[in-house]
Amino acid sequence: MIEVSLFQLFVIFIIILYIINRPRLGKNEPPLVPYTIPILGHTYDYLFNTKTFIKKCKEQYGECFSIYIFGDVVTILSRDSLTEVFRNNNDFDMELAAKETLPLERLLPYSGNNVPFHVKATRDQISGKLDINIDIAQKYLLKGIDKLIGDCNEPKVVYNAWNMVNFLIALPIANILVGEEAASHEDLVKSLGDLAFDVGPLLVIPPILFFIHKKLHEIVITLPLKFGWNPVSRHRNVVMNRLRPVVEKRLKERKELGNYYKPYNDLWEYYMNLPNFDNTNPNNLHFHVDNLLAITFASISTTSRAAVDALYDLAGRPELLNELYEEALIIDKECNGLVTVPEIQKMVKLDSFVKESLRHGDSIRRKIMLYSIDMLKAKEYFGDDAEEFKPFRFLNRNSPATKVDRSYIVFGGGKHACPGRFFAVSETKLFLHKIIMKYKVSTESGKIEDKVFVGPFTSPSEGGLVFENRK
């Protein structure tokens, strides 16, 4: 009788795994970067040295190449290849690619795959009502700043500023999404703000189980859902509880006032006007709340991330803060402190700074991997100093932060361009304007704080930001 040790079984398993998962490339596919460790391939360099590793591969193998990570061949697209991706949007589906690592439709089961609806709602109700929404944003940004930062006669240090900024950004967005009555409840604002923070970690879990089978990663990360755990459930319940009385109140007003009913200026009113809205059907209400949460997931954390990155970029450059304060002071005097869309459009220096901050975001999107840094730092588009942070790079170039083109793909491009970017950039500028007018901001270290790389993703610095009243 032949005895087989555990070690021998492990070796046999590894050999079988290698045979099953070894790279197989067709004749016309991009070149595969050589690697020395079977099965693991390039996984270690990808996780722990992403930026340098991808840049080196690009220099050696050109615009389009493949690497072997997590048991799978992943194609890297850079510069000209990225342009083709956004031009030929039918050949590449970002939403489908994202589902492999974060099956959002499993977390929001009532909503389903409703992307065209979300795009239209965002375009029409968020960016399309910019004048109204900026007034709301200004009101609640000021309230949030007074509450969370407040009076700083003595310097106040804030650590992990993303959490604070996320609530500041969530407060006005909550009012725009569900209206003032529902958003007056702090638990609702907190739930909308925390949603992406609670779901986001699923995005950065390394898909180690891809080594065995792609589907296994999705099965494991969604396994808790089968037993009733869902990071969205708590937030859905909070939103449902706060919106039910709002719905009842508005339906009553419509019945009593008839043609004299004055619609509310929020996204929830838009949902209530849809032909399929049915307050008597619990599943229908769940459907619309999940639609709301889907837009929340895509809006608050991305806008707050842009805002906190810009805040750190500003705080580490005292000379820049002074120059932007001069611009802000002139504009603030012209409008007596009540900023509208035309005033935001006059903030040309601030706009250039925000665009430069977005350009230096430095995350690399994965699967098919978009090496966006290569495009955003290309010398042929941005000059020999493309790697440097130049806050006024885009002044007098007819290139606002919302404009997408082949060299600036922060918001995607073509069909994939973010429909909410006009509001997101405007709110970011408004937030920075109010901060600049009220405080002197610096880093506690006195240095420019670098972002933190987590594999191919970046996270804002957790270093202290110092706020001090302007005298």
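Because the structure is a prediction, the values reported are computed rather than measured.

When you go through the protein chain residue by residue, the secondary structure sums to 22 helices and eight strands. Counting all 471 residues of the protein chain, 53% fall into the buried class. Sequence-distant contacts, at least 24 apart, represent 75% of the contacts inside the protein chain between residues at least 6 apart.

UniProt's feature table lists "binding site: heme" (unreviewed entry) at Cys-418, given in the numbering used throughout. The topology assignment puts Cys-418 in the loop between α21 (379-382) and α22 (421-438). On the accessibility criterion, Cys-418 (30% relative accessible area) is partly exposed.

The end-to-end C-alpha distance of helix α11 (residues 186-199) is 20 Å, a good match for the 20 Å that 14 residues give at a rise of 1.5 Å each. Along α11, the largest kink reaches about 35 degrees and is centred on Gly-193.

Between its first and last C-alpha, helix α16 (residues 282-315) extends 48 Å over 34 residues, near the 50 Å set by a 1.5 Å rise per residue. Thr-296 marks where α16 bends most, by close to 30 degrees. One side-chain oxygen of the residue at the start of α16 lies 3.0 Å from the amide nitrogen of Asn-283, identifying that residue as Asn-281.

One finds Phe-353, Phe-431 and Phe-467 to be the most contacted residues of the largest nonpolar core, which totals 99 residues. Looking at this core element by element, the count peaks at 16 residues for α16. Leave out the neighbours within four places in its chain, and Phe-467 touches Ile-149, Cys-152, Glu-154, Pro-155, Lys-156, Val-158, Met-164, Leu-311, Ile-435, Tyr-439, Lys-440 and Val-441. Counting residues in hydrophobic clusters, the runner-up holds eleven residues, among them Val-33, Ile-67, Ile-69 and Phe-70.

Mapped onto the secondary structure, Arg-305 falls in helix α16. Taking the C-alpha atoms as reference points, Arg-305 and Trp-162, 143 residues apart in sequence, are found 7.0 Å from one another.

With that settled, the discussion passes to the packing of aromatic side chains. Given two aromatic rings, their pairing is described by the distance between the two centres and the angle made by the two planes. Tallied over the entire structure, the rule returns 13 aromatic pairs. Aromatic pair Tyr-44 and Phe-48: ring centres 4.8 Å apart, planes at 45 degrees, arrangement tilted. With Tyr-44 and Phe-48 both in helix α2 (residues 43-48) and four residues apart, this pair spans about one turn of that helix. Relative to Tyr-271, the ring of Trp-268 has its centre 5.7 Å away and its plane inclined at 75 degrees; by these criteria the two rings are edge-to-face. On the criterion of helical spacing, the pair formed by Trp-268 and Tyr-271 is a turn pair, its members being three residues apart in helix α15 (residues 267-272). Tyr-271 carries the same exposure label as Trp-268, and that label is buried. Counting every residue linked through ring pairs, the aromatic cluster contains Phe-117, Trp-268, Tyr-270, Tyr-271 and Phe-277. The side chain of Lys-349 reaches across the aromatic face of Phe-392, ending 5.7 Å from its centre. Residue placement shows Lys-355 over the ring face of Phe-394; its charged tip is 4.5 Å from the ring centre.

Basis of the calculations
- Residues numbered from 1 in each chain as written.
- Predicted model: local features only at pLDDT ≥ 70, side-chain atom pairs only at ≥ 80, totals over all residues.
- Heavy atoms only, no water.
- Helix = DSSP H or I, 4+ residues; strand = E, 2+ residues; numbered from the N terminus.
- Buried < 20%, exposed > 50% of the residue type's maximum accessible area, 1.4 Å probe, protein only.
- Contact = heavy atoms within 4.5 Å.
- UniProt positions renumbered as here; feature names shortened; annotations may be inferred.
- Expected span 1.5 Å × (residues − 1).
- Bend = angle between axes of the 7 residues up to and from the residue.
- Polar contact = N/O pair within 3.5 Å; in protein donor to acceptor, adjacent residues only side chain to side chain.
- Core = buried A, V, L, I, M, F, W, Y, C linked by side-chain atoms within 4.5 Å.
- Phe/Tyr/Trp six-rings, centres within 6.5 Å; stacked < 30°, edge-to-face > 60°.
- Lys NZ or Arg CZ within 6 Å of the ring centre and 35° of its normal.

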